[in-house]
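Summary of the model geometry
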Amino acid sequence: MNTEKRMFLTLFLIFVIFFTWYLLFPPPKKELPKRPAIEEKEVVATPESAKVAGLKPAPTSPTNLPLLVSKVIEPATPTADKPEREITVETLNYNAVFTTIGATLKSFQLKNYPDSLGHPLQLIPEGKRNLGLLLFPQEKETDLSDVIFQSSSQNIVLAESQKEGDITFETSIGESVLVRKKFHFYDKKFQFSLQIEIENPQKVDLGRRYELGWQSGLRHSEKNKREDMNYFGVISLLGTELATDRLGEFHKKPKISHTGNIGFTGVRTKYFLAAIIPDSSSKAEVSRGEKKEEGILSAFLTRTITERVNDRWRIFVGPIDADFLKTVGCGLEIVADTGPSWLRWLTRFILQFLLILHQVIPNYGVVIIVFSLVVNILFFPLTFSSMKSMREMQRLQPKLKQIQQQYKKDPHRLQQETMKLYKEHHVNPFGGCLPLLIQIPVFISLYNVLKDTVKLRGAHFVLWIKDLSVPDAITYVNGFPIAILPILMGAVMFFQQKMTITDPRQKMMIYMMPVMMTVIFYNFPSGLVLYWLTSSILSMAEQYLLIRQSK
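In short, a report on the structure.

Conventions we followed
- Residues numbered from 1 in each chain as written.
- Predicted model: local features only at pLDDT ≥ 70, side-chain atom pairs only at ≥ 80, totals over all residues.
- Heavy atoms only, no water.
- Helix = DSSP H or I, 4+ residues; strand = E, 2+ residues; numbered from the N terminus.
- Buried < 20%, exposed > 50% of the residue type's maximum accessible area, 1.4 Å probe, protein only.
- Contact = heavy atoms within 4.5 Å.
- Pairing = 2+ DSSP bridges.
- Expected span 1.5 Å × (residues − 1).
- Arc of directions from axis to C-beta.
- Polar contact = N/O pair within 3.5 Å; in protein donor to acceptor, adjacent residues only side chain to side chain.

What follows covers the environment of Leu530. The topology assignment puts Leu530 in helix α12 (residues 526–550). The exposure class of Leu530 is buried, given its relative accessible area of 5%. Separated by 165 residues in sequence, Leu530 and Gly365 place their C-alpha atoms 7.7 Å apart. Not counting the four nearest positions on each side in its chain, Leu530 is found in contact with Gly365, Ile368, Ile369, Phe461 and Leu485.

Below is the structure:
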């Protein structure tokens, strides 16, 4: 195989690799709601109940409740002496605000994860509330999220002196039904527990079940809202399998239900998660609604109502970080898995290696440069051998042409003589492609680490590169990003190609390859481009050593 054919084979392999990449990681589907308001307003990563979408009209006021067996469930209503009351909870990780309206969660700020303005990240959209209860008397939905609960609990600040705290809400429905919600908090955890008690001594018909839901979803947290929106979805652990229902899937089917051994259910964005975890298996129901300006999802867990309900739940609201998720248990850490299943072991290994390096090197950009150096050192014998093979192939071109001319009418003899020539000169015609193919799994794994790992969110490098998990952009011209790293990478590849390709007939490759790779890498995370740029520079150094050795 001559050098020209080998180069075309390399190009073909590259296109095959990126085509496979496209199949494994397809671009965002364009079936998301195309509404002008999405660009004008902040879209929220939003699960909301199906009734908001018109799937089932919600009551216009808390008093629109059905007649139950000769009794009317009448929720408490706000009065001058019983107004809405807010109770705040501050821990080492977050600030939360609960309200007596529905005993719901209305604010949740992460202290150690800033938003685009540098403020603590707010996960709940403004004016929204979560963890409300739904009853179904006579199979008619009754939302207790608007019922006024009472609480004598005070604000909680958890620190070294106070490691745990509680808030209790309760309300009476009619004359005999008591609903109580008890929240328990911890100083260093992103999770808190919820105990739901329903006392119904007179056996008023409350229906066969109740639902606990995360209605409002999670607020957008990233600058690139379109990319963030691609991750919006409802997740449910079904046995040992994670079911992910993306926003786009609900356009085809307005309601998705999962029944069986449900470990947890919840909603997610790119980096953050709100999960509801039952103390035992239950049915999870996922529904989709749609406002005029938003695509909306909702996640509920269903439990059976008995004469006396006393159920315990755990609630996790925080980053999709495997270390934090493992402390919750119930297999929640599976949400942090990223990339193809056959490569997850390598993805986890690379992430742990980067984190270990970061303990010594505070700058993640330098960490990626060191990682690239380590990878190139490990692959150096193979790469150096490949480069030697390429140069030998170039030297054998006259003899190969002579053999091709001599045996052009005898393909079998041509193949035999060609392989004999390769064997005599210890040349592997495919040796030049091998290092590239071996490094592809490392490349894909690093891509997933940089793209999906919350620990690298906002990882600063130098000057304009303030987030290695997103594409490089020093400025914008008519909305088009001007990226420096991909252009530098293309320039380095140009000189690398000039050093590698000596056949005048292949000069076009010197210009084609750098341009093609620059276009491909232009929208990749800047950390990945930095890795490839460093590898290209190191490859140039290896090529220089080979040239000196040859001389």
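So, about the pairing of strand β5 (residues 94–99). Across the six residues that make up β5, a large majority, five, are buried. Bridging between strand β4 (residues 86–90) and β5 involves five bridges; their strand directions are antiparallel. Residue pairing across strands places Glu86 opposite Thr99, the latter belonging to β5. Remark: three residues form the turn of the hairpin made by β4 and β5, two consecutive strands paired antiparallel. Relative to strand β6 (residues 104–114), β5 runs antiparallel, the two being bridged by six bridges. Residue pairing across strands places Tyr94 opposite Leu110, the latter belonging to β6. Following β5, the chain reverses through four residues before pairing antiparallel with β6; Gly102 in that reversal takes a positive phi of roughly 75°.

Right, let's talk about helix α8 (residues 411–424) for a bit. Given a rise of 1.5 Å per residue, 14 residues ought to cover 20 Å, and the 20 Å separating the end C-alpha atoms of α8 matches this to within 8%. Taken residue by residue, α8 has Glu417, Thr418, Leu421 and Tyr422 as its buried positions. Down the axis of α8, the buried side of the element spans an arc of 140°, and every buried residue falls inside it. Opposite the buried face of α8, at more than 90 degrees from it, the exposed residues are His412, Gln415 and Lys423. Elements that come into contact with the buried residues of α8 comprise α6 (364–395) and α7 (397–406). Backbone geometry just after α8 places His426 at a positive phi near 55°.

This brings us to the environment of Asn112. Along the chain, Asn112 falls in strand β6. Asn112 gets classed as exposed once you look at its relative accessible area, which sits at 52%. Each C-alpha atom, one on Asn112 and one on Tyr94, is 8.0 Å from the other, the two residues being 18 residues apart in sequence. If near-sequence neighbours (up to four positions away) are discounted, Asn112 is found in contact with Leu92 and Asn93.

On to the side chain of Thr99. By secondary structure assignment, the location of Thr99 is in strand β5. A distance of 3.2 Å separates a polar atom in the side chain of Thr99 from the backbone nitrogen of Ile101. With near-sequence residues (within four places) excluded, Thr99 lies in contact with Glu84, Arg85, Glu86, Thr104, Lys106, Arg129 and Phe169.

Another aspect to go through is helix α5 (residues 344–360). Helix length check: α5, at 17 residues, gives a terminal C-alpha distance of 25 Å against a target of 24 Å (1.5 Å per residue), a fit within 8%. Buried within α5 are the following residues: Leu346, Thr347, Ile350, Leu351, Leu354, Leu355 and Leu357.

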